[in-house]
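A structural walkthrough
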Amino acid sequence: MRKRLVRKRLLVVTGLIVALAVVLAGCGDEAGSPPRGIVIGSSDDAAMRVMAEVYAGALRNAGSVVSADQLRGDDAVLLGEMDRAALDLFPAFTGDLLTMLAPSSTAVGAEDVYVELNRSLPQGVSVGDETPVSGAPQIFVSTTLAGSVGATGLDDCGLLPPGLPVVATADPDPATLDAFTSAGCRLGAVETVDTTDQALHRAAEGTAVGLLTPLDIAGEDAEGASSDVQALRNSSGGGDTADNPSDGPPAEQSGPRAEVLVPVFRSAALNRDQVKTVNKVAGEITTADLATMAGEVETGSDPRDVALEWLAEHGL
């Protein structure tokens, strides 16, 4: 009788174990389903969209699973998605991020901005290596005018005739204009035009200055890289200037805050090898590369196709 009772209890326990195994197996199937992959996002800007695809393609080519879906939004929205662990990586400019996260920061130079940004990022969020891509606004002037007054860099801006109109494709941020004023520029009213070429044409006439970024004029099809205009090089360092690649940070720092393109990623989402893969992009991409790719996207090309072609050309 005792043996029969023990056998019955064993059967009950065995049944419970089997039932539990079935439940766990079902959970295992869900956990073992294909992972969502690394989720990448960007703003709606053409350059940022194609840069997101560059990072995505580099990771895929290195063997990582990357989600086919991408999130869109400004830096604040994308950081919020990271906080919810719904986003893992997006491209951004250091100066923009620092201004948003630490409005009182006085950092201007590329190195200082990068250091301050690392201190200001939310917990669990990191930035990768800086690329040479610069998005900092620059003053463009007629080469003839610059030569006549001896102006080569932004520190010579005060040598230009006072009150020259500022021609841009969009209303500049007041902080940008304040930075140029602090550097000695005596600028006139802001006028907006529809295209980069129009702004450069006005600057070439010597009756206005253009306010553009290296990305605006650095593409293969850009008509502004001519002898008719030149940029008064900012001294904030970091990235390529519009007319001369950076040779390293200058001794003095003036003008608008440095804007250097970096990958922003959720630290828990990328392992060491994946971070290395993302950082390899920084050693290959240039302002001219990204400007050219952005131009292709703006004329209708698919950002992923454009990015994959660039990755193939650079062995990534």
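These lines cover the structure that appears in this document, whether it is placed above or below. Please read all numbers here as calculations on a predicted model, not as lab measurements.

Summed over the entire model, instances satisfying the criterion amount to five salt bridges. Across the pair Arg84 and Glu81 runs a salt bridge whose closest N-O atoms are separated by 2.4 Å. Using a relative accessible area of 57% as the deciding quantity, one classes Arg84 as exposed.

Attention now goes to the sheet that holds strand E5 (residues 138-142). In space, the five strands of this open sheet follow the order E7-E6-E8-E5-E9, with mixed pairing throughout. The open sheet has two edge strands, strand E7 (187-192) and strand E9 (229-232), and neither has a second partner. Each strand of the sheet is rotated relative to its neighbour by a mean of 35°, with strand direction disregarded. Each of E5, strand E6 (164-168), E7, strand E8 (209-212) and E9 is contacted by helix H8 (residues 196-204), which is oriented at about 150° to E8, the strand it contacts most.

Of all hydrophobic cores here, the largest spans 35 residues; its most connected members are Ile40, Met51, Val54, Val281, Leu290 and Met293. Where this core is concerned, the elements lending two or more residues are strand E1 (38-42), helix H2 (46-61), strand E3 (89-93), strand E10 (261-266), helix H10 (272-282), helix H11 (287-298) and helix H12 (303-313). When residues of this core are assigned to their parent elements, the largest contribution, eleven residues, is made by H2. Ignoring any residue separated from it by four or fewer positions in sequence, one finds Val281 in contact with Met51, Val54, Tyr55, Ala58, Trp310 and Leu316.

What follows covers the state of the cysteines. A disulfide bridge is the covalent bond that connects two cysteines by way of their sulfur atoms. Under the defined criterion, the tally for this structure stands at one disulfide. Linked covalently through their sulfurs, Cys157 and Cys185 form a disulfide whose S-S length is 2.0 Å. Negative torsions about the S-S bond denote left-handed disulfides, and the value of about 120° found for Cys157 with Cys185 makes this one right-handed. Here Cys185 lies in the loop between helix H7 (174-182) and E7 and Cys157 lies in the loop between helix H6 (143-149) and E6, a separation of 28 residues in the sequence.

Within the secondary structure, Ser120 sits in helix H5 (residues 110-120). Among the residues examined, Ser120 registers a relative accessible area of 21% and is labelled partly exposed. Each C-alpha atom, one on Ser120 and one on Leu98, is 7.2 Å from the other, the two residues being 22 residues apart in sequence. Aside from chain neighbours lying at most four places away, what touches Ser120 is Leu98, Leu101 and Ala102. Only 2.8 Å separates the side chain of Ser120 from the backbone oxygen of Glu116, close enough to count as a polar contact.

Compared with an ideal rise of 1.5 Å per residue, which puts twelve residues at 16 Å, H11 spans 16 Å between its outermost C-alpha atoms and is within 8% of the ideal. All buried positions along H11 are accounted for by Thr287, Leu290, Ala291, Thr292, Met293, Ala294 and Val297. Buried residues along H11 sit against H2, helix H9 (214-217), E10 and H12.

Further remarks concern the environment of Cys185. Of the residues examined, Cys185 reaches a relative accessible area of 4% and is grouped as buried. Here the alpha-carbon distance between Cys185 and Gly255, two residues 70 residues apart in the chain, equals 9.7 Å. When near neighbours in sequence (up to four residues on either side) are disregarded, Cys185 contacts Leu154, Cys157 and Phe180.

Glancing now at unusual backbone geometry. In the Ramachandran plot, Ala85 falls in the positive-phi region, its phi being about 60° despite a non-glycine side chain. One can find Ala85 in the loop between helix H3 (75-83) and E3. Here Ala85 falls in the partly exposed class, since its relative accessible area comes to 35%.

Burial of E1 is extensive: five of the five residues sit out of reach of the surface. Every second residue of E1 is oriented toward a common face, with Ile38, Ile40 and Ser42 on one face and Val39 and Gly41 on the other, all of them buried. Looking at chain direction, E1 and strand E2 (residues 66-72) are connected through four bridges and run parallel. Of the residues in E2, the one forming a bridge with Ile40 is Gln70. Crossover handedness for the path E1 to H2 to E2: right-handed.

Turning our eyes to something else, we now look at the packing of H2 against H11. Interaxial distance between H2 and H11 falls to 8 Å at its minimum, and their mutual angle equals 110°. One finds that H2 runs roughly perpendicular with respect to H11. Mapping the contact onto sequence places Ala46, Ala47, Arg49, Val50, Met51 and Val54 in H2 and Leu290, Met293, Ala294, Val297 and Glu298 in H11. Looking at the contact of H2 with H11, its residues break down into nine nonpolar, no polar and two charged.

Definitions and cut-offs
- Counting starts from 1 at the beginning of each chain's written sequence and moves along it residue by residue.
- Local features in this predicted model are restricted to residues of pLDDT 70 or higher, and side-chain atom pairs are both shown and tallied only at a pLDDT of 80 or more, whereas totals for entire chains, interfaces and linings draw on every residue.
- Each side-chain value is worked out from all heavy atoms of the structure, with water and hydrogens disregarded.
- Each salt bridge in this description consists of a side-chain nitrogen of Lys or Arg and a carboxyl oxygen of Asp or Glu lying within 4 Å of one another.
- Burial here depends on accessible area, computed with a 1.4 Å probe over protein chains only, as a share of the maximum for the residue type. Under 20% is buried, over 50% is exposed, and the range in between is partly exposed.
- Pairing between strands requires that DSSP locate at least two bridges from one strand to the other.
- For helices the rule is a DSSP run of H or I covering at least 4 residues; for strands it is a run of E covering at least 2, with both sets numbered from the N terminus onward.
- Geometry is summarised by axes, namely lines fitted to C-alpha atoms with helices restricted to the contacting stretch, and by angles between N-to-C directions that run from 0 to 180 degrees.
- Residues count as neighbours in contact if any of their non-hydrogen atoms are within 4.5 Å of one another.
- By convention a nonpolar core is built from buried Ala, Val, Leu, Ile, Met, Phe, Trp, Tyr and Cys residues, the set being connected through side-chain atoms within 4.5 Å.
- For this text, the term disulfide refers to a pair of cysteine sulfurs within 2.5 Å.
- N or O atoms within 3.5 Å of each other form a polar contact, as long as, within protein, one can give a hydrogen and the other can take it, and as long as residues adjacent in sequence are counted only when both atoms are side-chain atoms.
- Each helix should span, by expectation, one fewer than its residue count multiplied by 1.5 Å.
- Place the viewer so that the strands point away; then a crossover is right-handed whenever the path from the first strand over the helix to the second strand goes clockwise.
- Throughout this description, any angle smaller than 35 degrees is read as roughly parallel, any larger than 145 degrees as roughly antiparallel, any in the 65 to 115 degree range as roughly perpendicular, and the remainder as oblique.
- Each residue is assigned to one of three groups, with Ala, Val, Leu, Ile, Met, Phe, Trp, Tyr, Cys and Pro labelled nonpolar, Asp, Glu, Lys and Arg labelled charged, and all others, Gly among them, labelled polar.

In short, the description is geometric, and any link to function would need to be established separately.
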